[in-house]
Amino acid sequence: AQITGANTVSSTSALPSALTRDEVRSVAPALERYGRETLLDRLWRRPDLSPRDRSLVTLAALIARGQAAELPTYVNLALDSGVKPSEVSEVVTHLAFYAGWGNAMAAVAAVREIFAARGIEADQLPAASPPLLPLDEAGEAQRAAGVAQSVRPVAPGLDEFTTDVLFRDLWLRPDLAPRDRSLVTVSALITAGHVAQLPFHLNRAMDHGLTRAQASEVVAHLAFYAGWPNAFSAVPVVKGVLEGRPG
Amino acid sequence: AQITGANTVSSTSALPSALTRDEVRSVAPALERYGRETLLDRLWRRPDLSPRDRSLVTLAALIARGQAAELPTYVNLALDSGVKPSEVSEVVTHLAFYAGWGNAMAAVAAVREIFAARGIEADQLPAASPPLLPLDEAGEAQRAAGVAQSVRPVAPGLDEFTTDVLFRDLWLRPDLAPRDRSLVTVSALITAGHVAQLPFHLNRAMDHGLTRAQASEVVAHLAFYAGWPNAFSAVPVVKGVLEGRPG
Amino acid sequence: AQITGANTVSSTSALPSALTRDEVRSVAPALERYGRETLLDRLWRRPDLSPRDRSLVTLAALIARGQAAELPTYVNLALDSGVKPSEVSEVVTHLAFYAGWGNAMAAVAAVREIFAARGIEADQLPAASPPLLPLDEAGEAQRAAGVAQSVRPVAPGLDEFTTDVLFRDLWLRPDLAPRDRSLVTVSALITAGHVAQLPFHLNRAMDHGLTRAQASEVVAHLAFYAGWPNAFSAVPVVKGVLEGRPG
């Protein structure tokens, strides 16, 4: 699958899969049809979410589900859709924490082959310890106070790592915009059925610029990549967040 | 593992696994024993669910969990137990939507090798766009009205795809009986811990002919293939459905 | 990664991953840094959980998530940290039931290569049917009575297998101490987001000797290996268990 313009996905090449059309057809002719008609020609062309955003959402879903076999196709699609190598790198690092260390390691194994094939080298990757974005002191104080009350008495180590490593380091890394970092986090949460953490992170995503229409379309997109049940489970939670926001 | 008759699974050959008995024994002798005594000779022989049904349930569980390594054994077992190639094909297509696109792609990669080895070709597979089963207009109107209220205001794209692609296309495909399609859906839901969607789909399965005894036995069977916690989480939800039905 | 002493993990060799540092760095330099600074030099050295316990927790997480690619590194780390081959074997067998049959089969495929490479043979493995630990008749009667009421009417097969295979066989196998078996079970439950079964099994773990500090630290450890959302979802449930216990 190739992006031929800012807002279109070519349907002349492959399915959105590491498998060829003929391979899919040799097991399930209908699945090949859905891949073309429903995914490529319909879902990926819907206007409420750009191919770049859909790529970020899909990468998050595949990494969160450990589906490394499909990653090469979608990493290429992401890079062709305007996601920078440094952003792919940050998505993997971010999901080490929000999906699990092993998920990130599996993603590294898949992504490094794509990076090698495309000649992407160290100078295009984020620094290990770059100057960080400025901290929103008031917001972070509020978050930390909540977690200090709920988490610290039960799991002090978790509270400590959440503050030091996540909110005063990972989230401030500059090579993935806060809005995109939140989009990836929200996508990973919906994918894994973690609706309890969704209100905090969806509000954060919208504070960082994700629109209502985009939030809705993330749910529709993830129905395909995380399965219908996860999308349906997200609906009432997304509804609560949307209703709770002004405007 | 081979089926030697309509209702028996031979225990003379392999374990129900892609691994040989000796391979399993070289790590965990007890696991080899449980595979023989508990799974093959006991679980798979229990009368309340036929080997054909158990095969459908197990395929759904393996695909929903992305366990492609075990699929070849169980696809062979399914085909030996009376599941048709066209039905295996439809199970994969169906679970693209209920488990996720990447899960279906991983299943395609595994199933196509089995199909090739058994000489199963295009003429044994369902058409990409066959004449569909008749739609239950009243039931669909009721479902659509519920979703229009709950889902449409939050995720209009999800509502649209659910109606067009799922309930007016996928569910009406004729090569997997509605009862079996529901059985696969229920199995995927229990496997992934999606109990919120279970009442709708278990009722639908029973409307399509799944008996109370079969529903109960699906839970017992999935304890082994989806893990005890998922089976236990399903129990109160299944209880509610069974109690809410007449007779 | 190698254990160089009872309580330390060497940071001079590899990352805690099957990938090399350079491989990780070629995709995500920050991830390599977090692997060294945050996981190896900080998390694994925290005093509230020994490297042996952390190894058991991590093996449970990797097996429960089906992350076989990372298993070899962590099986070696476990064996270097004081986990016996017979205990690794029992962890795999145990998780066949608590994570799923396919998860155990995937673990067997990974572990047998490590066992072969280290010359671990049948005489170091548990017997398939060893003399069992004595049954706590009163506790088991209480558990069985609860399940007879909740599970038996809905899924009689599940009730039967739970009693015969799990609580009168698997849990009484002598080659993994009840405290460690519970630790593995609790870790698998948190990893998979199965908080409903957590109170029973965390209480059981603490009855078997898991301390409050260890229980807390399991949550912090699993944030890294099962992802932050699963750790956060476990917090209120762990809180309830800790508050409900005397002392």
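Residues numbered from 1 in each chain as written. Chains lettered and ligands numbered in written order. Predicted model: local features only at pLDDT ≥ 70, side-chain atom pairs only at ≥ 80, totals over all residues. Heavy atoms only, no water.

A.B. asks: What exactly am I supposed to notice about the overall build of chain A here?
C.D. replies: Secondary structure assignment for chain A yields 12 helices and 2 strands. For chain A, the N- to C-terminal ordering of α and β elements is β-β-α-α-α-α-α-α-α-α-α-α-α-α. For 247 residues, the compact-globule estimate of 2.2 N^0.38 gives 18 Å, and chain A sits close to it at 18 Å. Overall, chain A is about 55 × 45 × 30 Å in size when its C-alpha atoms are taken along their principal axes. Here chain A holds 247 residues, and the buried ones make up 61% of them. In chain A, once contacts between residues fewer than 6 apart in sequence are set aside, the share between residues at least 24 apart is 72%. For chain A, the accessible area works out to roughly 8300 Å², and carbon and sulfur atoms hold 52% of it. Within chain A, one finds 23 positive and 26 negative side-chain charges whose respective centroids are separated by 6 Å. (Helix = DSSP H or I, 4+ residues; strand = E, 2+ residues; numbered from the N terminus. Rg over C-alpha atoms; globule rule 2.2 N^0.38 Å. Buried < 20%, exposed > 50% of the residue type's maximum accessible area, 1.4 Å probe, protein only. Contact = heavy atoms within 4.5 Å. Areas by Shrake-Rupley, 256 points an atom, 1.4 Å probe, with all protein chains shown as cover. Lys, Arg positive; Asp, Glu negative; His and termini not counted. Charge placed at Lys NZ, Arg CZ, Asp CG, Glu CD.)

A.B. asks: Whenever I open this one, the relation of the copies chain B and chain A confuses me. Can you help?
C.D. replies: Both copies of the chain are placed relative to one another by a rotation about an axis and a shift along it. Overlay of chain B on chain A (RMSD 0.0 Å): rotation 120°, translation along the axis 0.0 Å. In short, the pair behaves as if placed about a three-fold rotation axis. (Least-squares fit on C-alpha atoms with pLDDT ≥ 70 in both.)

A.B. asks: Where do I start with helix α8 (residues 156-167) of chain A in this structure?
C.D. replies: Turn by turn, an α-helix covers 3.6 residues, leaving residues three or four places apart pointing in a common direction. The end-to-end C-alpha distance of α8(A) is 16 Å, a good match for the 16 Å that 12 residues give at a rise of 1.5 Å each. Of all 12 residues that make up α8(A), 9 are buried, and the element is covered over most of its length. Taken residue by residue, α8(A) has A:Gly157, A:Leu158, A:Asp159, A:Phe161, A:Thr162, A:Thr163, A:Val165, A:Leu166 and A:Phe167 as its buried positions. Looking at the buried positions of α8(A), the neighbouring elements they touch are α5 (85-98), α7 (137-150) and α10 (198-207) of chain A together with α2 (29-40), α11 (212-226) and α12 (228-243) of chain C. (Expected span 1.5 Å × (residues − 1).)

A.B. asks: Help me understand the interface of chain C and chain A in this model?
C.D. replies: How large an interface is tends to be reported as the accessible area lost when its parts come together. With 42 residues of chain C at the interface, the matching set in chain A holds 43 residues. Buried area between chain C and chain A, both sides added, is near 3600 Å², and the carbon and sulfur share of it is 68%. Considering only the surface of chain C that becomes buried against chain A, C:Val27, C:Tyr34 and C:Trp228 emerge as the three largest contributors, covering 19% of it. In this structure, the connection of chain C to chain A is made through 5 salt bridges. Residues A:Glu160 and C:Arg42 are paired through a salt bridge, measuring 3.0 Å at the closest nitrogen-oxygen approach. Looking at the side of chain C that touches chain A, the elements that each hand over two or more residues are α1 (21-25), α2, α11 and α12 of chain C. (Buried area = accessible area lost by both parts, 1.4 Å probe. Salt bridge = Lys/Arg side-chain N within 4 Å of Asp/Glu carboxyl O.)

A.B. asks: Would you explain the pattern of salt bridges in this entry?
C.D. replies: A pair can form between side chains of opposite charge whenever their charged atoms are brought close. In this structure the tally under the stated criterion is 75 salt bridges over all chains. A salt bridge links B:Asp41 to B:Arg45; its shortest N-O distance comes to 3.9 Å. Between B:Glu217 and B:Arg54 there is a salt bridge; the shortest N-O distance is 2.9 Å. Residue B:Glu217 is found in helix α11 (residues 212-226), and its partner B:Arg54 is found in helix α3 (residues 51-64); the two are separated by 163 residues along the sequence. One network of salt bridges, with partners in common, ties together A:Arg42, A:Arg46, A:Arg54, A:Glu217, B:Glu160 and B:Asp164.

A.B. asks: Can you walk me through the UniProt feature "domain: Carboxymuconolactone decarboxylase-like" (unreviewed entry) in chain A in this structure?
C.D. replies: Within the UniProt annotation, "domain: Carboxymuconolactone decarboxylase-like" (unreviewed entry) is assigned to residues 39-113 and 156-239 of chain A. Helix makes up 71% of residues 39-113 of chain A and strand 0%, and the two end C-alpha atoms of the span are 25 Å apart. (UniProt positions renumbered as here; feature names shortened; annotations may be inferred.)

A.B. asks: How should the interface of chain B and chain A be read in this particular structure?
C.D. replies: Listed per partner, the contact involves 43 residues of chain B and 42 residues of chain A. By the criterion of area lost to chain A, the three top residues of chain B are B:Trp101, B:Val154 and B:Phe161, representing 23% of everything that side buries. Viewed at the interface, chain A and chain B are joined by 5 salt bridges. In this structure, the connection of chain B to chain A is made through 16 residue pairs in polar contact (both at pLDDT 80 or more). Those elements giving two or more residues to the side of chain B that touches chain A turn out to be α5 (85-98), α6 (101-117), α7 (137-150) and α8 (156-167) of chain B. When the residues that make up the side of chain B that touches chain A are grouped by side-chain class, the tally is 27 nonpolar, 11 polar and 5 charged. (Polar contact = N/O pair within 3.5 Å; in protein donor to acceptor, adjacent residues only side chain to side chain. Nonpolar A, V, L, I, M, F, W, Y, C, P; charged D, E, K, R; others polar.)

A.B. asks: Is there a simple way to think about helix α4 (residues 71-80) of chain B in this case?
C.D. replies: The buried fraction of α4(B) is high, at 7 of 10 residues. Of the residues one or two after α4(B), B:Gly82 is the one with positive phi, at around 105°.

A.B. asks: What should I look at first to understand the packing of α5(B) against α6(B) in this one?
C.D. replies: Axes are the key here: two packed helices are described by the angle between their axes and the distance separating the axes. Residue and element names in this part refer to chain B. Between α5 and α6, the shortest axis-to-axis distance is 7 Å and the interhelical angle comes to 160°. Taken together, the axes of α5 and α6 are roughly antiparallel relative to one another. Judged by the twist between their axes, the crossing of α5 over α6 is left-handed. On the side of α5, the interface is formed by Pro85, Val88, Val92 and Ala96, while α6 contributes Trp101, Ala104, Ala107, Val108, Val111 and Phe115. Here the contact of α5 with α6 is built from residues that sort into 10 nonpolar, no polar and no charged. (Axes fitted to C-alpha atoms, helices over the stretch in contact; angles between N-to-C directions. Parallel < 35°, antiparallel > 145°, perpendicular 65-115°, else oblique. Left-handed = near helix turned anticlockwise from the far one by under 90°.)

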